[in-house]
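Given next are the chains, with one letter for each unit.
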Amino acid sequence: MDPVMQHVRKWAAARHLMPGSAALLCLLVSCLIVAVLLAVGPTFLDPRGPLSTMTAVAVLVGLVVLVLWRFDHDHPVASRLILLASGLAFLILAWDVIRLLNHTTMALALPLADELLARWDAALGLDWPAYFDWVGSSPLWRGLMAQSYTSLTFLSLLAYLLLCLFSHPRRSIYFLETFTFTAVFCTLSGALFPARAAVDYYLGAGADLSAFPLEPGLYHLTSLERLRSGAPVELVLGNLPGLVTFPSFHTAARLLMVAATWRSWLVIPTALYAAVMIASTPVYGGHYFIDLVAGAVVALAIAWAWARHPKNVGIFGPVRVAAPLRDERQ
């Protein structure tokens, strides 16, 4: 057989170890939206950023090619390397695309939604200032929540690594796919509800927050104001803070990781961390409580729907089949 065709067939046979076509299509649509908004909007891209991203992606894709050249896809070590390298390549690319989508859509400068979000909190009977004061009065919670909020990226990558190495191969891919769908949905929804967020709305930018180890919920304001000003703004990858208030993607991302680790030994530590991190989002993320509710609804809906996809059936344990009804005439 032609060596090139043999390699193509090996790549096709290993395709189930890589993110699926739906996630790739979602990312492609996001790229097209970003391209259009960069062409017609006030934002422009620093060309050095994509070069480093594409270099990292190329190295990881090259690793996949090398592994497939040397081994069959069903080799126990090779399959895990393919799973890890292809997933990381996808994640690196997706993260930059989603950040660019976030900033280019925020430059649309739709009306601020802070008053609406605060009214929704009040309608639910949730008192954001009281919760902020309670957290601020406890040095233990201030520190613990700051650590949990800032460690999201590192611990997500760690959990993804553990899923790749020690769980059903589809679990890690399931997480990447639901992560992508949810991130794009939250980003596009967030553009419709831009907000300065709860810390600024209730306390103002001049509030004394010196007791907190990390500045609560104001880190995004400079970028948001520049994007909404209408003036040209250069987008530098690696320096694009998250700007979505509603729905909360921090909340959604944690619940997606809990879903991906469901019925595994990772679920308990993941759920404990998720609880603390979600509790930190109103303070350090500046989120209204309704943001958390919306983020949870989006994540759970996407996680549930994607778990029912035929290719994901059985990855969380045996599927229960209802027993046949007895014929009472016998």
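Quick notes on the rules
Residues numbered from 1 in each chain as written. Predicted model: local features only at pLDDT ≥ 70, side-chain atom pairs only at ≥ 80, totals over all residues. Heavy atoms only, no water. Helix = DSSP H or I, 4+ residues; strand = E, 2+ residues; numbered from the N terminus. Rg over C-alpha atoms; globule rule 2.2 N^0.38 Å. Buried < 20%, exposed > 50% of the residue type's maximum accessible area, 1.4 Å probe, protein only. Contact = heavy atoms within 4.5 Å. Areas by Shrake-Rupley, 256 points an atom, 1.4 Å probe, with all protein chains shown as cover. Lys, Arg positive; Asp, Glu negative; His and termini not counted. Charge placed at Lys NZ, Arg CZ, Asp CG, Glu CD. Phe/Tyr/Trp six-rings, centres within 6.5 Å; stacked < 30°, edge-to-face > 60°. Salt bridge = Lys/Arg side-chain N within 4 Å of Asp/Glu carboxyl O. Patch = residues over 30% accessible without salt bridge, like charges linked within 9 Å, V, L, I, M, F, W, Y side chains within 5 Å. pLDDT = per-residue confidence, 0-100. Expected span 1.5 Å × (residues − 1). Axes fitted to C-alpha atoms, helices over the stretch in contact; angles between N-to-C directions. Nonpolar A, V, L, I, M, F, W, Y, C, P; charged D, E, K, R; others polar.

## A look at the overall build of the protein
Alright, step 1. Along the protein, the regular secondary structure elements total 14 helices and two strands.
Alright, step 2. Over its C-alpha trace the protein gives a radius of gyration of 22 Å, about what one expects of a compact globule, namely 20 Å for 330 residues.
Alright, step 3. If one aligns the C-alpha atoms of the protein with their principal axes, the spans along those axes are about 70 × 65 × 40 Å.
Alright, step 4. Per-residue burial for the protein yields a buried fraction of 48% across its 330 residues.
Alright, step 5. Within the protein, residue pairs in contact and separated by at least 24 positions form 84% of the contacts whose partners lie at least 6 positions apart.
Alright, step 6. Accessible surface, the protein as shown: approximately 16,600 Å² in total, 68% of it carbon and sulfur.
Alright, step 7. With 21 positive and 19 negative side-chain charges, the protein shows a spacing of 12 Å between the two charge centroids.

## Concerning the packing of aromatic side chains
Alright, step 1. Counted according to the given criterion, the structure contains 18 aromatic pairs.
Alright, step 2. With centroids separated by 6.0 Å and ring planes inclined at 35°, the aromatic side chains of Trp95 and Phe179 adopt a geometry described as tilted. Highlighted residues: Trp95 in helix H4 (residues 76-106) and Phe179 in helix H9 (residues 169-192), separated in sequence by 84 residues.
Alright, step 3. Given a relative accessible area of 31%, Trp95 falls into the partly exposed group.
Alright, step 4. Among the residues examined, Phe179 registers a relative accessible area of 8% and is labelled buried.
Alright, step 5. Pairing Tyr201 with Tyr288 gives two aromatic rings, centres 6.2 Å apart and planes at 65°, and the pair type is edge-to-face. Remark: Tyr288 occurs in the loop between helix H13 (267-284) and helix H14 (289-307) and Tyr201 occurs in helix H10 (residues 198-203); sequence separation between them is 87 residues.
Alright, step 6. The class of Tyr201 is partly exposed, set by a relative accessible area of 37%.

## Quick notes on the pattern of salt bridges
Alright, step 1. In this structure the tally under the stated criterion is five salt bridges.
Alright, step 2. Arg48 serves as the salt-bridge partner of Asp46, at 3.1 Å between the closest nitrogen and oxygen.
Alright, step 3. Since its relative accessible area comes to 5%, Asp46 is described here as buried.
Alright, step 4. Look at Arg48 and you get exposed, because its relative accessible area is 61%.
Alright, step 5. Glu177 serves as the salt-bridge partner of Arg170, at 3.1 Å between the closest nitrogen and oxygen. Both residues of the pair, Arg170 and Glu177, belong to the buried class.

## Re a nonpolar patch on the surface
Alright, step 1. A grouping of Phe154, Leu158, Leu161, Leu165, Phe166 and Trp265 is seen on the molecular surface, where their side chains present a nonpolar patch of about 650 Å² in accessible area.
Alright, step 2. Structurally, the position occupied by Trp265 is in the loop between helix H12 (249-260) and H13.

## What to know about the confidence of the model for the protein
Alright, step 1. In this model, the protein carries a mean pLDDT of 88, and residues with pLDDT of at least 70 account for 91%.
Alright, step 2. The secondary structure element of the protein with the lowest average pLDDT is helix H1 (residues 3-13), at 63, and the one with the highest is helix H5 (residues 114-123), at 97.
Alright, step 3. In this model, residues 321-330 is a region of pLDDT below 50 whose contacts with residues beyond four sequence positions or in other chains number zero contacts.

## So, H4
Alright, step 1. Between the first and last C-alpha of H4 there are 45 Å, a value that for 31 residues agrees with the 45 Å anticipated at 1.5 Å per step.
Alright, step 2. Along H4, 22 of the 31 residues are buried, which leaves the element largely enclosed by surrounding structure.

## Brief notes about the packing of helix H8 (residues 152-166) against H9
Alright, step 1. Here H8 crosses H9 at 145°, and the two axes come no closer than 7 Å. Contacts from Tyr160, Leu163 and Cys164 of H8 reach H9 at Arg171, Ser172, Phe175 and Leu176.
Alright, step 2. Here the contact of H8 with H9 is built from residues that sort into five nonpolar, one polar and one charged.

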